[in-house]
Amino acid sequence: MSLLVVGLSHRSAPVSVLERAALGADAQIKLVQDTVAAEPATEAAVLATCNRIELYADVDKFHAGVAELSTLLAQHSGVGLEELTPYLYVHYEDRAVHHLFSVACGLDSMVVGEGQILGQIKDSLARAQDLHTAGRLLNDLFQQALRVGKRAHSETGIDRAGQSLVTFGLEQLAAGGDVPDWASGRKALVIGAGSMSSLAAATLARAGVAEVVVANRTFDRAERLARILTEDGDTGVSARAVRMDAVAAELTRADVVVSCTGATGLVLTAETVAQAVEGRTGQPAADTGGTAGRPAVPPRPAGIGADENCPLDLAAVQPGFSVMGEAAVAGLDAATLEQHAAWVDKGTTVDRRERRTPETDAELITALAATVATVGRIPERRRPEPVAERPAPFFFLLDLAMPRDIDAAVHRLAGVRLVDIESLAEASADAPMAADVDQVRRIVSDEVAAFGAAQRAAHITPTVVALRTMAADVVAGEIARLDGRLPDLDERQRGEIRQAVHRVVDKLLHAPTVRVKQLAAEPGGAGYADALRTLFDLDPETVAAVSRAGDSTQTKDRPA
């Protein structure tokens, strides 16, 4: 077994890199085809989700395989190899098996314990089988990963460690509140009709939204999802389908928007969302992100003194000049500097007639000189400018797509709350881990050991089969010779002789073949197959033919 995985995920790369490296369906197909066409790989499958891109392959050379798979990932993702390389991880043989089993159990997910990854692994295997790029190794690996994932969910409480990405995202929109209470009576717009969007629509319906509108580029799929939601007697939600060109109008009616499409560009721009907010409120959407410019003479914060108390000549103030900045006080004598500071801090002037003495001036000058020597400039006395309080959100958007569907600039719009993959990654980093995670890790370790043993044992099976086939051929040849030498034997006698010879051969081969399978299943047991072929002078082509026959049977299987 020479299993190799090269990939990147939310654990190794920032969302901005994952977004750029995201692979569409056509790109995934071309990637696995080009991988098996490359010299080091004989099998290939790609696992691409909203927060990971992984290429699995059976390779005959480790270093050549890493170089080739990394290059292919860079080529098909469109991210340069030099830029992509720092974010790639590599797992080989047992470590690669351990990684996929952990992924299947939800241990490597953004939301620990989520079960959607099992469907994505199943789709990945089905795609590789359809393209005939999955042989014995990847078929065994992915099917076992599905079984391990199901076992983890059935035997432990890993589901309690986290929720689906959809549920987690809705909880973030509700700001930690109860999702049904938050969703009750709201109108939802779901953009997309794939597995993630369908899950979002169903979750919103169960949470108690009043209406779900489904928009999709393929209108038939949107209609089918809307019909399923309407016919679900447990929710009683009203659902309807619209075409993508109706999204802008639906935004003005919706309270909650969930988007997860396979689009390569933005589905909702900040301008589109701002127009929807304006359509709902009748007022332009305010941008709370701030602007780079500022007024010529800035408004004075509350508490600052009147102009007549300011020690500066305000008439001489130039556009863009701050009366509270360090440039305003450059060159002032010590007494005026102190008066300016008092005006900024308290809006009062300082009466220097009683306090001003050469000694106090000297103290101030000495203090200023020490500060300038330390920080290299005259200290600035500035009061913090008031910050407008952000209004409570009334328009909620959840972007589960990779690359993103909704412009990140929407974050700055007042009254709008946007949760996307990036913010979910930040929130999930602090999510508590359930005690069941340790139990799942033990399951994964046991299953990895069992899978490795089974693969090593399977590796020697063609050699054992070839040995028994050779022994059967020898028996058949000797029986034929006996028939020629003893033509007077009747059929019963011939049968007895034939059975006796077969029993002798079977007894001689039984112990060695059973023992060699046991030894081969242990770590480092791969050499026993070579030893068996050498000892019995087995034809390598015969062994290879047995192996090819097994692979051909295996590829007919479909994932459970």
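Residues numbered from 1 in each chain as written. Predicted model: local features only at pLDDT ≥ 70, side-chain atom pairs only at ≥ 80, totals over all residues. Heavy atoms only, no water.

### Observations regarding the nonpolar core
Test applied: The set of buried Ala, Val, Leu, Ile, Met, Phe, Trp, Tyr and Cys residues whose side-chain atoms join them within 4.5 Å is what this entry labels a nonpolar core. Type-normalised accessible area, obtained with a 1.4 Å probe on protein chains alone, sets the label of each residue: buried when under 20%, exposed when over 50%, and partly exposed for intermediate values. Any two residues whose heavy atoms approach within 4.5 Å at even a single point are treated as in contact.
In terms of nonpolar packing, the biggest core is built from 66 residues, with Leu165, Trp182, Val212, Leu229 and Leu400 touching the most fellow members. For Val212, the residues in contact, after removing those within four places along its chain, are Ala188, Val190, Ala201, Leu229, Val237, Ser238, Ala239 and Arg240. Counting residues in hydrophobic clusters, the runner-up holds 35 residues, among them Val112, Ile117, Leu118 and Ile121.

### A few points about unusual backbone geometry
To keep things clear, this is the line we draw: Elements are defined by DSSP. Helices are runs of H or I of four residues or more, strands are runs of E of two residues or more, and each kind is numbered from the N terminus.
With an omega of 5 degrees, the peptide bond running from Met402 to Pro403 counts as cis. Tracing the chain through its elements places Pro403 in the loop between strand E9 (395–399) and strand E10 (416–419). Even without a glycine there, the phi angle at His132 is positive, about 60 degrees. For His132, the location among the structural elements is in the loop between helix H6 (116–130) and helix H7 (136–155). Assessed through its relative accessible area of 73%, His132 is described here as exposed.

### Concerning the sheet that holds strand E6 (residues 211–216)
Within a sheet, each strand pairs with its neighbour through backbone hydrogen bonds, oriented either parallel or antiparallel. For the record, the criterion: At least two bridges found by DSSP between two strands are what make those strands a pair. Throughout, an axis means a line fitted to C-alpha atoms (over the contacting stretch in the case of helices), and angles, computed between N-to-C directions, take values from 0 to 180 degrees.
Within the open sheet, the 6 strands sit side by side as E7-E6-E5-E8-E9-E10. Their pairing is parallel. Here the strands that pair on one side only, and so sit at the sheet edges, are strand E7 (238–243) and E10. When the angles between neighbouring strand axes are averaged without regard to direction, this sheet yields 15 degrees. Of the strand pairs in this sheet, E9 and E10 are connected by 4 bridges, and their pairing is parallel. Residue Phe395 lies in a different strand from E10, and its bridge partner there is Val416. The strands touched by helix H10 (residues 195–207) within the sheet are strand E5 (187–191), E6 and strand E8 (256–259), with E5 carrying the most contacts at an inclination of about 170 degrees. Packing against the sheet, helix H11 (residues 219–231) makes contact with E6 and E7, and its axis sits at approximately 175 degrees to E7.

### Describing the pattern of salt bridges
To keep things clear, this is the line we draw: The term salt bridge refers to a pairing of a side-chain nitrogen on Lys or Arg with a carboxyl oxygen on Asp or Glu at a separation within 4 Å.
With the rule as written, the count across this model stands at 18 salt bridges. Note that Glu54 and Arg52 form a salt bridge whose closest N and O atoms lie 2.9 Å from each other. Looking at Glu54, the relative accessible area reads 0%, which means it is buried. When salt bridges that share partners are traced, they join Arg11, Arg52, Glu54 and Asp108 into one network.

### Looking at the pairing of E8
The alternating pattern of E8 places Val256 and Val258 on one face and Val257 and Ser259 on the opposite face, and all of these are buried. Of the pairings in the sheet, the one linking E5 to E8 comprises 4 bridges and is parallel in character. Paired with Ala188 across the strands is Val256, a residue of E8. Here 4 bridges tie E8 to E9, and the two strands are oriented parallel to one another.

### Considerations on the packing of helix H2 (residues 25–37) against helix H3 (residues 62–77)
Helix-helix packing is described using two parameters, namely the angle between the two axes and the distance between the axes. Under the convention used in this document: Orientation labels follow simple angle bins: below 35 degrees gives roughly parallel, above 145 gives roughly antiparallel, 65 to 115 gives roughly perpendicular, and whatever is left gives oblique. If you view the pair so one helix is near and one far, a crossing is left-handed when the near helix is turned anticlockwise from the far one by less than a right angle, and right-handed when it is turned clockwise. Residues are sorted three ways: Asp, Glu, Lys and Arg are charged, Ala, Val, Leu, Ile, Met, Phe, Trp, Tyr, Cys and Pro are nonpolar, and all the rest, Gly among them, are polar.
Between H2 and H3, the least distance of the axes is 10 Å, while the angle of their chain directions is 155 degrees. When the axes of H2 and H3 are compared, the pair comes out roughly antiparallel. Handedness of the crossing formed by H2 with H3: right-handed. Here H2 contributes Ala27, Lys30, Leu31, Asp34 and Thr35 to the contact with H3, which in turn contributes Leu69, Leu72, Leu73 and His76. Broken down by class, the residue content of the contact of H2 with H3 amounts to 5 nonpolar, 2 polar and 2 charged.

### Focus: the sheet that holds strand E2 (residues 41–49)
One open sheet holds the 4 strands; their spatial order is E2-E3-E1-E4, and the pairing between them is antiparallel. The two strands at the open ends of the sheet, each matched to only one other strand, are E2 and strand E4 (89–92). Neighbour-to-neighbour, the strand axes of this sheet turn through a mean angle of 15 degrees, independent of strand direction. As paired elements, strand E1 (residues 3–9) and E4 share 4 bridges and run antiparallel to each other. Bridge pairing in E4 places Val6 opposite Val90. H2 contacts E2 and strand E3 (52–59) of the sheet and is inclined by roughly 160 degrees relative to E2. The strands touched by H3 are E1, E3 and E4; relative to E1, the strand with the most contacts, the crossing angle is about 35 degrees.

### Some thoughts on empty space enclosed by the protein
The condition that has to hold: Points on a 1 Å grid, built from protein atoms alone, make a cavity when a 1.4 Å probe fits but cannot get out and make a pocket when they are open with protein on both sides within 12 Å along at least 5 of 7 lines; residues with an atom within 4 Å of a point are the lining residues. Grid points are joined across faces, edges and corners, and a volume is the space filled by probe spheres set on the points.
Applying the stated criterion across every chain yields a total of 3 cavities of 30 Å³ or more. In this model, the largest cavity occupies a volume close to 120 Å³. Residue lining of the largest cavity: 13 residues in total, with Cys50, Asn51, Ser109, Glu114 and Gln120 positioned closest to the centre. Looking at the lining of the largest cavity element by element, the count peaks at 3 residues for H6. Space inside the second largest cavity adds up to approximately 40 Å³. Its residues assigned to classes, the lining of the second largest cavity comprises 4 nonpolar, no polar and 5 charged.

### Quick word on the layout of surface pockets
Estimated volume of the largest pocket: approximately 1200 Å³. Forming the walls of the largest pocket are 44 residues, and the residues nearest its centre are Leu23, Gln28, Ala48, Thr261 and Gly262. Secondary-structure elements contributing two or more residues to the lining of the largest pocket are helix H1 (15–21), H2, E2, E3, H6 and H10. If one sorts the elements of the lining of the largest pocket by residue count, H6 sits on top with 6 residues. A per-class count over the lining of the largest pocket returns 21 nonpolar, 17 polar and 6 charged.

### A short note on the packing of aromatic side chains
Put simply, the test is: Classification of ring pairs rests on two measures: the distance between centres of Phe, Tyr or Trp rings, Trp counted by its six-membered ring, which must be within 6.5 Å, and the angle between planes, read as stacked under 30 degrees, edge-to-face over 60 and tilted in between. Two limits define a charge over a ring: the Lys NZ or Arg CZ must be within 6 Å of the ring centre, and within 35 degrees of the ring normal.
Within the structure shown, the criterion is met by 4 aromatic pairs. Relative to Phe396, the ring of Trp182 has its centre 5.2 Å away and its plane inclined at 90 degrees; by these criteria the two rings are edge-to-face. Note that Trp182 is positioned in helix H9 (residues 179–183) and Phe396 in strand E9, a separation of 214 residues in sequence. In this pair, the class of Trp182 matches that of Phe396, namely buried. Above the ring of Phe219, the side-chain terminus of Arg243 is found at 4.0 Å from the ring centroid.

### Some details on H2
For clarity, the threshold we go by: Take the number of residues in a helix, subtract one, and multiply by 1.5 Å to get its expected span.
Compared with an ideal rise of 1.5 Å per residue, which puts 13 residues at 18 Å, H2 spans 19 Å between its outermost C-alpha atoms and is within 8% of the ideal. Check the buried side of H2 and you find it contacts E2, E3, H3 and H6.

### Quick notes on the confidence of the model for the protein
Note the cut-off: Within a predicted model, pLDDT stands for the predictor's per-residue confidence, ranging from 0 to 100.
For the protein, the average pLDDT comes to 79, and 73% of its residues sit at 70 or higher. By mean pLDDT, helix H14 (residues 326–329) is the weakest element of the protein at 46, and E5 is the strongest at 96. Ignoring residues within four places in sequence, the model shows residues 290–307, a span with pLDDT below 50, making 27 contacts including any to other chains.

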